[in-house]
2 protein chains.
Amino acid sequence: MNKHHLIANIKAKKSFLCVGLDPVKEKVPVHLHAHKDWIFEFNKQVINAVAEHCVAFKPNTAFYECYGSWGWEQLEKTARYLRETHPDQFLIADAKRGDIGNTSTMYAKAFFEQMDFDAVTVAPYMGEDSVKPFLEFKDKWVILLALTSNKGAQDFQYHGVPTLHEKVIGTARKWADEDSLMFVAGATRGEDLADLRKAAGNHFLLVPGVGAQGGTLQEVWKYAGNKDEVSLLVNSSRGIIYAGNGEDYAQAAKAEAKKIQEEMAVLLLKA
Amino acid sequence: MNKHHLIANIKAKKSFLCVGLDPVKEKVPVHLHAHKDWIFEFNKQVINAVAEHCVAFKPNTAFYECYGSWGWEQLEKTARYLRETHPDQFLIADAKRGDIGNTSTMYAKAFFEQMDFDAVTVAPYMGEDSVKPFLEFKDKWVILLALTSNKGAQDFQYHGVPTLHEKVIGTARKWADEDSLMFVAGATRGEDLADLRKAAGNHFLLVPGVGAQGGTLQEVWKYAGNKDEVSLLVNSSRGIIYAGNGEDYAQAAKAEAKKIQEEMAVLLLKA
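About the cut-offs
Residues numbered from 1 in each chain as written. Chains lettered and ligands numbered in written order. Predicted model: local features only at pLDDT ≥ 70, side-chain atom pairs only at ≥ 80, totals over all residues. Contact = placed C-beta atoms within 7 Å. Helix = DSSP H or I, 4+ residues; strand = E, 2+ residues; numbered from the N terminus. Nonpolar A, V, L, I, M, F, W, Y, C, P; charged D, E, K, R; others polar. Buried ≥ 20, exposed ≤ 12 C-beta atoms within 10 Å, placed from the backbone. Pairing = 2+ DSSP bridges. Right-handed = clockwise from strand over helix to strand, strands pointing away. Least-squares fit on C-alpha atoms with pLDDT ≥ 70 in both. Axes fitted to C-alpha atoms, helices over the stretch in contact; angles between N-to-C directions. pLDDT = per-residue confidence, 0-100.

## Comments concerning the interface of chain A and chain B
Working step 1: Each partner contributes to the interface: chain A provides 45 residues, whereas chain B provides 44 residues.
Working step 2: Counting residues per element, the side of chain A that touches chain B draws most heavily on helix H5 (residues 101-114) of chain A, which supplies seven residues.
Working step 3: Each residue belonging to the side of chain A that touches chain B can be placed in one class, and the counts come to 17 nonpolar, 16 polar and twelve charged.

Here it is, written out as structure tokens:
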């Protein structure tokens, strides 16, 4: 999916919501536990319930890998289902991969060819030749870690002058344009988000979360929003997919996604 | 496997060789292509042929993931076979993972519980809470990227004062001791390797390669060797596993591994 298409979806749905699909057995409703494909079943019902309120889905690969090859199959089934039944959703593999050139190509094949994700999150530590192989796939995206939302972001991402995350953004913008490169912007303070928006220009920012992991939606919009192009995605995982844990969990997820989408609609209307 | 055990293996075998298992169909002998488990078959024969000359094996996960859930099964079969038939080998999942706390725990479970690897390579970008979950598993190791061997290492790993990779080593040494933390030291110049050894103290260094990717084995030993404790692993992947591509490929791999091990024995004897 290209940038134009994604922005059109955001405007049409009045939503820049991305829903994280991070299945954890202890949090998934008990009635699904015995199902041989419980991850896929859980995801499928969440997807069908929330899709009208969001523009993107983001499974984090760790939550599938921890179940071995069976877990990887669940990820494949989820990606295939999304692609076939919701072709207008932007599909992000939150994998945080990155390796030397030829090896990054193998990762890109895993997510762009074996599965048909639109984007992969990539860690920048190894530099240009670890990122570029992902960019060689047409209409596919790299979402590069810039500033993450966890406490450990303080350890290295502010290192040096300019700070490492600013340097990552500045350097990576020479590798790719706004049609194939986004940045993870996990700032918890408004000023940091404003700095990230300034550094990233019109590139899409993926904000990992509001609430527990970050500020309010209003703050994120105020500092990282991009009034002309709306090049912003805000993710929510647990808040939506575990909104309920009974047999009606999908309806609970839908209600939560709808609530966020309606807040987004208000913000977009003011833009 | 603990540090004492690994060093004892190195001394007994007179080898600090790690063999990378990175299967690529085009390079694997043609007679194996039709086998339903061609990756596992290829690996198995390489493992049996070279094991007496090395102390560690290191599959890179990208080369398995690019074949989807089938590829992940091949990785599981390889890891299980290694653990069952070669219990004295140190098993490294070259995965370069790293995510926020709870998510890194899921990756750790994938490699330490679902499979029984001794170590995982981890990218440091997200800081302490992305690395520590891996360190909570008893007798398991993190091999943290410090300086990598690719061209892109120049982009960010030398950023700031001290350089980012020096800061990574200095900071990470506060998180874990020599019994659970190694560093990737991919320097291509002798002086850089000497600096890495100084910064890393007695922590094990994993050198990604000699020859194509780096200096000579003699240089690596001179600058990164640690005469008292031999806390060094040198990897070779393609040079060994693709030494031949006929039906006798395993014998060709064995001959290449033996050659490197004999050079290592000479260096260790002088120590």
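## Observations concerning the pairing of strand E4 (residues 119-122) of chain A
Residues and elements named next belong to chain A.
Working step 1: Alternating positions in E4 separate into two faces, Ala119 and Thr121 on one and Val120 and Val122 on the other, with burial throughout.
Working step 2: Of the strand pairs in this sheet, strand E3 (residues 90-97) and E4 are connected by three bridges, and their pairing is parallel. If you follow Arg97 over to E4, its bridge partner there is Val122.
Working step 3: Read from E3 through H5 to E4, the crossover connection turns out right-handed.
Working step 4: Looking at chain direction, E4 and strand E5 (residues 141-147) are connected through four bridges and run parallel. Looking across to E5, one finds that Thr121 is bridged to Ile143.
Working step 5: Read from E4 through helix H6 (residues 128-135) to E5, the crossover connection turns out right-handed.

## What to know about the relation of the copies chain A and chain B
Note that the two copies of the chain are related through a rotation about an axis and a translation along the same axis.
Working step 1: In screw terms, the move from chain A to chain B is a rotation of 180° and a rise of 0.0 Å along the axis, fitting with an RMSD of 0.0 Å. Classification of the inter-copy transformation places it as that of a two-fold axis. Rotation axis and chain A: the residue whose C-alpha lies nearest the axis is Gly160 of chain A, separated from it by 2.1 Å.

## Considering the environment of Gly186 of chain A
Working step 1: On the secondary structure map, Gly186 of chain A appears in the loop between strand E6 (181-185) and helix H9 (190-200).
Working step 2: As for Gly186 of chain A and Leu205 of chain A, which are separated by 19 residues in sequence, their C-alpha atoms are 9.2 Å apart.

## Observations regarding unusual backbone geometry
Only a minority of non-glycine residues have a phi that is not negative, and only a minority of peptide bonds are not trans.
Residue and element names in this part refer to chain A.
Working step 1: Following Val161, the chain continues into Pro162 via a peptide bond in cis, with omega recorded as -5°.
Working step 2: Inspection of the secondary structure assignment puts Pro162 in the loop between helix H7 (153-156) and helix H8 (164-172).
Working step 3: Residues other than glycine seldom take positive phi values, yet Lys14 does so here, at roughly 50°.
Working step 4: Relative to the helices and strands, Lys14 is located in the loop between helix H1 (3-13) and strand E1 (17-21).
Working step 5: For Lys14, a count of 17 C-beta atoms within 10 Å corresponds to the partly exposed category.

## As for the sheet that holds strand E2 (residues 56-59) of chain A
All names here are of chain A.
Working step 1: Spatially, eight strands are ordered E1-E2-E3-E4-E5-E6-E7-E8 in a closed barrel, and the strand pairing comes out parallel. With strand direction ignored, the average angle separating the axes of adjacent strands in the sheet is 30°.
Working step 2: Pairing between strand E7 (residues 205-207) and strand E8 (residues 232-236): three bridges, direction parallel. For Val207, the partnering residue across the bridge sits in E8 and is Val234.

## Concerning the confidence of the model for chain A
Working step 1: Looking at chain A, the pLDDT average stands at 95 and 99% of residues meet or exceed 70.
Working step 2: This complex was scored by the predictor with a pTM of 0.97 and an ipTM of 0.96.

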